[in-house]
Amino acid sequence: MCCHGVHVVCLPLSSHQDYTAGWTTTSIIYTRASSYFSSKTIPGWRLLFMETCKRKKENVVYLSNHQCTADWIIADMLAIRQKALGHVRYVLKDGLKWLPLYGWYFSQHGGVYVKRSAKFDEKAMKKKLSSQTVLGTPMYLVIFPEGTRYNPELKKMISDSQAFATKEGEQNTRQILTRHPDLFPRCLFLLRMTEMRVCSGVWSKSLSSFSLEILRPVQGLAALDHVLTPRMKASHVAIETMRDHLDAVYDITVVYEATRGKSSDRQPAPTMPEFLCKESPRVHIHFERVDIKEIPPESVFFRGWLHKRFEIKDQMLTTFYESEDPDKKGKFPGEGQRSHLSIMKMLPSLLFLGGG
């Protein structure tokens, strides 16, 4: 049945798995067509990858910076290239569950709705993800840890986020030293060594590097300029609940070409209509795979690990937007690769939707 371009598929309520599978198939068809339209049919539109996107299907948590609605399409585009589109599930703001049709579908498909801070229901999230793990459900869980979209024009939001990093860093340091008092003497010693500047030459550099590794967990959280301070609860619960089921975390950094503007100031990311109408003809994507074994399980150390990932994003984005070196400005580090999508993968979906 078709109404104003929206295809509605009526499915028999035979079982929960059959019901979900039916909606999954419909979602795959729709998203494939949308992604193909975005990445292939718009003249001049380019998807540029820095680092090679792994082609093998894996169970992963996908962590990315968040700027606009089009970020969801980027996640789908990466999943398509791994033939994992039907595995995509989302961690979403609780208010989005009221979206007509989609709000209900995302929940049926294994998505998780979460609230911020004190209202965050950790038990409910664990229960939802544990049930998926027990069933052996393929997992491509998309999370935007910032919790809201970054907009360079909202200066107060950015300053509030930086203040939050300072507060969280102090609290995290106290928790680490409380839980691991053995770290305190070593940290105190190294801090005194640094203040007194008693070292020199090669030995000083070596000790400095060694000191940073020990001091890193208790150094607090750096203020970020081009991303917001990431919230760690949902990411930590997801990774720890599914740790034995996951292969890796995909650390994704996205830049829309249109955000560079004509001046040196960063511009807001395109809206969905602007994105689909080629207002941002290029999208730069930095992809990094982190093996699940490399991620610290304890929450206080995970907090530092996640923030460090966003520090790296912030550094890359600072270079992208502000570097005075023309060979670095407007680029991510590494060699870019254009990513093409075969029309044969999209043809069935396009025919299905076009024939409705």
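In what follows, the structure referred to is the one given above.
Residues take numbers from 1 onward in each chain, read along the sequence in its written order. Side-chain atom pairs in this predicted model are given and counted only at pLDDT of 80 or more, local residue features only at pLDDT of at least 70, and totals for whole chains, interfaces and linings cover all residues. Water and hydrogen atoms play no part in the side-chain values, which are based on all heavy atoms of the structure.

A. Local environment of the overall build of the chain. By the criteria applied, helices consist of DSSP H or I runs no shorter than four residues and strands consist of E runs no shorter than two, each listed in order from the N terminus. Secondary structure assignment for the chain yields eleven helices and ten strands. Think of it in three bands: residues with accessible area under 20% of the maximum for their type are buried, residues over 50% are exposed, and the middle band is partly exposed, with areas taken using a 1.4 Å probe on protein chains only. Counting only residues that meet the buried cut, the chain has 46% of its 356 residues in that class. Whether two residues are in contact is decided by their heavy atoms, any of which lying within 4.5 Å being enough. Relative to all contacts within the chain whose residues are 6 or more apart in sequence, the contacts with residues 24 or more apart total 79%. The accessible surface values rely on the Shrake-Rupley method and a 1.4 Å probe; as for residues, cover is taken only from the protein chains in view. Accessible surface, the chain as shown: approximately 18,800 Å² in total, 57% of it carbon and sulfur.

B. Highlighting the environment of M316. Here M316 is to be found in helix α10 (residues 299–322). The contact partners of M316, leaving out residues within four places of it in the chain, are T253, H286, F332 and P333.

C. Spotlight on the packing of helix α5 (residues 155–179) against α10. For the pair α5 and α10, the least separation of the axes is 9 Å and the interaxial angle reads 145°. Read as a crossing pair, α5 and α10 show a hand that is left-handed. The residues of α10 that touch α5, namely those facing A165, E168, N172, Q175, I176 and R179, are S299, V300, F301, R303, G304 and H307. Each residue belonging to the contact of α5 with α10 can be placed in one class, and the counts come to four nonpolar, five polar and three charged. Convention adopted: a line fitted to C-alpha atoms gives each axis, helices being fitted over their contacting stretch, and angles between N-to-C directions are expressed from 0 to 180 degrees. Left-handed describes a crossing whose near helix is turned anticlockwise from the far helix by less than a right angle; the clockwise case is right-handed. For this scheme, ten residues count as nonpolar: Ala, Val, Leu, Ile, Met, Phe, Trp, Tyr, Cys and Pro. Four count as charged, namely Asp, Glu, Lys and Arg, and the remainder, Gly too, count as polar.

D. Region of interest: the packing of helix α8 (residues 233–241) against α10. At a minimum axis separation of 10 Å, α8 and α10 run at an interaxial angle of 115°. Judged by the sense of rotation from one axis to the other, the crossing of α8 with α10 is right-handed. Residues S235, H236 and I239 of α8 form the contact with α10, whose own contacting residues are S299, F302 and L306. Here the contact of α8 with α10 is built from residues that sort into three nonpolar, three polar and no charged.

Everything listed is a geometric property; what it means functionally is a separate question.
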